[in-house]
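# Structural features, examined
Okay, here's what each chain looks like letter by letter:
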Amino acid sequence: MATGRTHRPATRSRGIPEATVARLPLYLRALTALSERSVPTVSSEELAAAAGVNSAKLRKDFSYLGSYGTRGVGYDVEYLVYQISRELGLTQDWPVVIVGIGNLGAALANYGGFASRGFRVAALIDADPAMAGKPVAGIAVQHTDELEHIIDDNGVSIGVIATPAGAAQQVCDRLVAAGITSILNFAPTVLTVPDGVDVRKVDLSIELQILAFHEQRKAGEEAAQDGGPPAPVSRAAAAAANRKGPDGDVPAVMPA
């Protein structure tokens, strides 16, 4: 079976835009659900609705894959599942290491969706000596002292960082030096990596803040429509609004 270290996806060489690549997993998830229900074909409108995009964008995305569908029939579900899986590199084995086996790291280790999507958790790594040897999701945790040997022995090219923020960059540097070229970062910090290393950041607090923005805007729109008072402002926001800036009453800009 091929491993991630020896075979790379061909998306960049074929010029598929990053925005399209980001939507391919959405299409694959929707198509997999259709396949599990034994649905043979699907129209672009139906698939776009299931994936949460508009049909014109879907058809444009699929044109990069060479899939245009059949007028009056739609797309062959099983063929599209194969096509997108191949494009994403999911028809091969991708060994993954998870570094940082706290609550989040343990939850990731126990996630059953990795194996069904082409990813194999090859090792769990933690800096706490007391964790060494403890089984998590049926895998014995190994100490960070063994990180480089683990990556080399398993041919790993994807690393997951679930450490505290203060340790993340050091872990990242060691992963990159050991040959890791793709990193999924759950630590609440920005990582610095050399060219040729891809980092995807998952920050739940940022996603919640974005949702809070939309909730506040919706509440303000509803209040305006009803002619009622404006939406309540949090104590922290009110304090920031009343804070004097260096030039007088203009609020000082808070760093992002």
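Details of the structure are given in the entry above.
I will try to describe carefully the structure that is included in this document. Not measured: the values here are computed from a predicted model.

Conventions adopted
Residues numbered from 1 in each chain as written. Predicted model: local features only at pLDDT ≥ 70, side-chain atom pairs only at ≥ 80, totals over all residues. Heavy atoms only, no water. Core = buried A, V, L, I, M, F, W, Y, C linked by side-chain atoms within 4.5 Å. Buried < 20%, exposed > 50% of the residue type's maximum accessible area, 1.4 Å probe, protein only. Helix = DSSP H or I, 4+ residues; strand = E, 2+ residues; numbered from the N terminus. Contact = heavy atoms within 4.5 Å. Axes fitted to C-alpha atoms, helices over the stretch in contact; angles between N-to-C directions. Parallel < 35°, antiparallel > 145°, perpendicular 65-115°, else oblique. Left-handed = near helix turned anticlockwise from the far one by under 90°. Nonpolar A, V, L, I, M, F, W, Y, C, P; charged D, E, K, R; others polar. Pairing = 2+ DSSP bridges. Right-handed = clockwise from strand over helix to strand, strands pointing away. Salt bridge = Lys/Arg side-chain N within 4 Å of Asp/Glu carboxyl O.

Membership of the largest hydrophobic core comes to 21 residues, with the highest contact counts inside it found for Tyr27, Leu31, Val42, Leu47, Leu58, Phe62 and Ile84. Elements that contribute at least two residues to this core include exactly helix 1 (18–36), helix 2 (44–51), helix 3 (55–63) and helix 4 (77–88). In terms of residue count, the dominant contributor to this core is helix 1 (seven residues). For Leu47, the residues in contact, after removing those within four places along its chain, are Tyr27, Ala30, Leu31, Leu34, Val42, Leu58, Phe62 and Leu80. Core analysis: the next-biggest nonpolar cluster, separate from the first, contains 20 residues, Cys172, Ile180, Ile183 and Leu191 among them.

Before going further, it helps to spend a moment on the packing of helix 1 against helix 2. When two helices pack together, their arrangement is given by the angle between their axes and by how far apart the axes lie. Interaxial distance between helix 1 and helix 2 falls to 9 Å at its minimum, and their mutual angle equals 110 degrees. Classified by the angle between their axes, helix 1 and helix 2 sit roughly perpendicular to one another. Our pair here, helix 1 against helix 2, has a crossing hand that is right-handed. Contacts from Leu26, Tyr27, Ala30, Leu31 and Leu34 of helix 1 reach helix 2 at Leu47, Ala50 and Ala51. Grouping the constituent residues of the contact of helix 1 with helix 2 by class yields eight nonpolar, no polar and no charged.

You can see Arg174 is positioned in helix 8 (residues 165–177). Relative accessible area serves as the criterion here: at 25%, Arg174 is assigned to the partly exposed category. Here the alpha-carbon distance between Arg174 and Thr144, two residues 30 residues apart in the chain, equals 9.8 Å. Not counting residues within four places of it along the chain, the set of residues in contact with Arg174 comprises Thr144, Asp145, Leu147 and Glu148.

Pairing of strand 7 (residues 158–161) with strand 8 (residues 182–185) involves four bridges; the strand directions are parallel. Paired with Val160 across the two strands is Leu184, which belongs to strand 8. For the crossover that starts at strand 7, traverses helix 8 and ends in the parallel strand 8, the hand is right-handed. Strand direction decides the pairing type here: strand 8 and strand 9 (residues 198–201), joined by four bridges, are parallel. Note on strand 9: the bridge partner recorded for Asn185 is Lys201.

To continue, consider the pattern of salt bridges. This structure, assessed with the given rule, holds six salt bridges. The partner of Arg120 in a salt bridge is Asp93, with the nearest N and O atoms 3.1 Å apart. A residue pair is termed long-range when its members are at least 10 positions apart, and Arg120 in strand 4 (residues 119–126) and Asp93 in the loop between helix 4 and strand 3 (94–99) qualify at 27 residues.

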